[in-house]
Each structure stands twice: as structure tokens, then as C-alpha cells.
Amino acid sequence: MKKIRIGTRKSRLACIQAQMLADYIEKYCEGYEAELVTVMTTGDRIQTKRLDEIGGKGLFVKELDTFLLEGRTDLSVHSLKDMPMEISPEIPIIGFSRREDARDVLVLPRGISEYDYQGPVGCSSNRRSLQLKDIYPEVQIKTIRGNVLTRLDKLDQGEYGGLVLAAAGLKRLGLSGRISRYFTVNEMVPAAGQGVLCVQGRAGEDYGFLRGFFDEEIRECVAAERAYIAYLNGGCSLPMGVYANILDETRIRVLGLYYDEENGRYGKWHVSGKRSEAEALGISLAQELKESVKGV
């Protein structure tokens, strides 16, 4: 029996997500057994500052990368939206899960059904904050850090009047009942890769036994989304979002949000085209939207 050690962050949500892969291995991969290895990342340790102030998304993967490179783990499971654009060829992404609900949601205190502007809304990203102001023009926004359960505790203790969170995380935690409102992807364009899990392994190793866990359709969506962000050199600080979905057997649609720091303008647009050209579609949308917002 070969043991597969799966590296994950220590939060409850991260462990649930890694356990999804472990369960697959235990159930479908004869001759293999899975073990979770929890790792405290820099992003988890520093809870008092915005991510863009302390180094960005890579702070959630750095220590996990080290464990994988040193052979202390065999795989890492991440929320794809936490992954930086640059991935070491020594520890490539080997596959993607099917996508859970990609939408962002509003969570209100228990007993409240509509946001009443009584207290600030906790947002963890400029992307969410920018779009939330379109939906609730008078909203007061307050930065919030911490895992999902920590944020919900702060909400329930009266520190916030609402939260904007990812539907995927709440659903995986069994907390969909806390969702007060779903924002459509057009109202609030998601982060690239939102709702998707990615699995990293070591270059040169055979991970064919995981083939059934991976979703090949989502690979095309991810290619478009990450190409869009990579072209715009998007990190944590600038409000950018992108969402791709399969239309039919041959076509894909890509929706993007772009903000121009120089003129303070932003816009949303979408393109559709061949699934076989997903990456090129992401780049062309980025070019078109950037030119439009800049007024070129």
C-alpha cells in the first residue's frame, strides 16, 4: 500500500477540500492510501493586514511548496483563486477539480433578511468592494481577514453588518444556510478560478491514478481565466475578475472585469468563441477591455 501525503493549509475549509481528494484516493485508487499533512502558511499567520500589503496570494502556498519540493508531501491541494500566476515547473499543477458554485454571496447576521446599512460590510478584496458599491451605493466597507469561520464569528458578534464571501467555501463547509443573497456573476465578476480546486505535484512523477478526480472541461475555463489575469499582470491589489463557462460542445464564454488605476474607470465585457482557443480568448478579452476602459 503506497501512502500519498496531501499537503493543505490548516483551516477547516482547506482540510475539507483536501479531504475530497483523500476520499477519492481511498475509494477509487487501489493500492494507495491518503494522509493529510497540515501546514501553517504565512498568509494564515498574518491576519492584521491586507494581502496586497504583505506579499499577495503567494503567501498561502509558499510553505506548502517547500514541503512538496523537499518530499515531505506528495501533493498539495489549493483553492485555485489563491494560486499565483507563476508556478514553478518543478511542482506543476497536475489537474483541477470540477467547479463548485463560482458566485460571491452576501451573508447577513442571523435574523436579518435584507442588508439595512446597519454596520459595515466585510470584504477581503478590492474586486468585491468595487462591485459591491454598484449594488449598494451607500455601503460602508471594512476590511476583514481570517478564515470563513473566523469571519462569521466577527459578523455574529456585531462587528460587521454583513460579509461578502465565496459561495463555494460556505457550501463545502455545509453553511449554505447562512447565505442571504447570491450575486450573479454579472453583478459581481468572480476571482479567476473561484470555486475550483487545483492539485500540485512534482515534475516527472506519475499521477495517472488521479485522472478520474480531474475535470477536463474546467481546464479550458481555467486556461481562459488565468490567461486573462496574466495578460493584465493582475495581483491582489487591483480589482480584476474573470469567469469562463462552457456554452456547448464547441464554444466557451469569458466575462471580465477591469479597473484602470490611472483614470479610476472600470468596465465589464464578455467574448465567446471556440473552446479550443480558450487561452487566446482570455487574452483578447483582456486586450479589448483594457483598451476600452483606458479610452485608447
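About the criteria used
- Residues numbered from 1 in each chain as written.
- Predicted model: local features only at pLDDT ≥ 70, side-chain atom pairs only at ≥ 80, totals over all residues.
- Heavy atoms only, no water.
- Phe/Tyr/Trp six-rings, centres within 6.5 Å; stacked < 30°, edge-to-face > 60°.
- Helix = DSSP H or I, 4+ residues; strand = E, 2+ residues; numbered from the N terminus.
- Buried < 20%, exposed > 50% of the residue type's maximum accessible area, 1.4 Å probe, protein only.
- Lys NZ or Arg CZ within 6 Å of the ring centre and 35° of its normal.
- Pairing = 2+ DSSP bridges.
- Axes fitted to C-alpha atoms, helices over the stretch in contact; angles between N-to-C directions.
- Contact = heavy atoms within 4.5 Å.
- 1 Å grid on protein atoms, 1.4 Å probe; cavity = no way out; pocket = protein on both sides within 12 Å on 5 of 7 lines; lining within 4 Å.
- Points joined across faces, edges and corners; volume = space filled by probe spheres on them.
- Nonpolar A, V, L, I, M, F, W, Y, C, P; charged D, E, K, R; others polar.
- Salt bridge = Lys/Arg side-chain N within 4 Å of Asp/Glu carboxyl O.

A. Here's a closer look at the packing of aromatic side chains. Counted according to the given criterion, the structure contains 8 aromatic pairs. Ring centres of Y24 and Y28 lie 5.0 Å apart, and the angle between their planes is 40°; on these two criteria the pair is classed as tilted. Placement of both Y24 and Y28 in helix α1 (residues 12-28) is noted, with a separation of 4 residues, approximately one turn of the helix. For Y24, a relative accessible area of 16% gives the class buried. Ring centres of Y32 and F209 lie 4.2 Å apart, and the angle between their planes is 15°; this geometry places the pair in the stacked category. Pair noted here: Y32 is in strand β2 (residues 32-39) and F209 is in the loop between β10 (197-200) and α8 (216-232), with a separation of 177 residues, a long-range link. F209 gets classed as buried once you look at its relative accessible area, which sits at 18%. Every member of this aromatic cluster is reached through a ring pair, and the members are Y24, Y28, F213 and F214. Above the ring of F67, the side-chain terminus of R72 is found at 3.9 Å from the ring centroid.

B. Quick peek at the pairing of strand β13 (residues 266-274). In terms of strand pairing, strand β12 (residues 251-259) meets β13 through 9 bridges, oriented antiparallel. Across the sheet, G256 pairs through a bridge with W269, a residue of β13. The antiparallel pairing of β12 with β13 creates a hairpin that spans 6 residues between the two strands, and G264 there sits at a positive phi of about 75°.

C. Structural context of the sheet that holds β12. Reading across the sheet, the 3 strands line up as β11-β12-β13 and stay open at both edges, with antiparallel pairing between neighbours. The outermost strands of the open sheet, each flanked by one partner alone, are β11 (241-246) and β13. Neighbour-to-neighbour, the strand axes of the sheet open up by a mean angle of 15°, direction not taken into account. Sheet contacts for helix α5 (residues 126-135): β11, β12 and β13; angle to β12, the most-contacted strand, approximately 90°. Helix α9 (residues 278-294) contacts β12 and β13 of the sheet and is inclined by roughly 150° relative to β13.

D. Local environment of unusual backbone geometry. In this structure, Y117 takes a positive phi of about 65° despite not being glycine. With respect to the helices and strands, the residue Y117 is situated in the loop between β5 (104-107) and β6 (121-123). A residue is classified by how much of its surface remains accessible, and Y117, at 36% relative accessible area, is partly exposed.

E. Layout of the layout of surface pockets. Its boundaries defined by the atoms lining it, the second largest pocket holds a volume of some 230 Å³. Counting residues per element, the ones that place at least two in the lining of the second largest pocket are β4 (93-96) and α8. The biggest single contributor to the lining of the second largest pocket is α8, with 6 residues. Of the residues that constitute the lining of the second largest pocket, the class distribution is 8 nonpolar, no polar and 3 charged.

F. Molecular detail of the pairing of β11. Examined bridge by bridge, β11 and β12 share 6 bridges and lie antiparallel to one another. When the bridges of β12 are listed, V242 appears paired with G256. Connecting β11 to the next strand, β12, in antiparallel fashion are 4 residues.

G. The arrangement of the environment of V271 in detail. Along the chain, V271 turns up in strand β13. V271 sits 167 residues away from D104 along the chain, and the two C-alpha atoms are 21 Å apart. Beyond its immediate sequence surroundings of up to four residues, V271 is in contact with I252, R253, V254, L281, L285 and E288.

H. Broad picture of the sheet that holds strand β9 (residues 179-182). As summarised here, the arrangement of the 5 strands in space is β7-β6-β8-β5-β9, forming an open sheet in which the pairing is mixed. Each end of this open sheet is capped by a strand with a single partner; those strands are β7 (141-143) and β9. Pairs of neighbouring strands in the sheet enclose a mean axial angle of 35°, with direction left out of account. Sheet topology note: the β6/strand β8 (residues 162-166) ladder contains 2 bridges and is parallel. Across the sheet, V121 pairs through a bridge with G162, a residue of β8.

I. Structural detail: the pattern of salt bridges. The full count for this structure, using the stated rule, is 18 salt bridges. A salt bridge links K3 to E35; the nearest nitrogen and oxygen atoms lie 3.5 Å apart. Taken together, the residues span a long stretch of sequence, with K3 in strand β1 (residues 2-9) and E35 in strand β2 at a distance of 32 residues. Classification of K3 by relative accessible area gives partly exposed; the value is 42%. Classification of E35 by relative accessible area gives partly exposed; the value is 33%. Residue E220 is joined to R275 by a salt bridge in which the shortest nitrogen-to-oxygen separation is 2.6 Å. Taken as a pair, E220 in helix α8 and R275 in the loop between β13 and α9 lie far apart in primary sequence, 55 residues in all.

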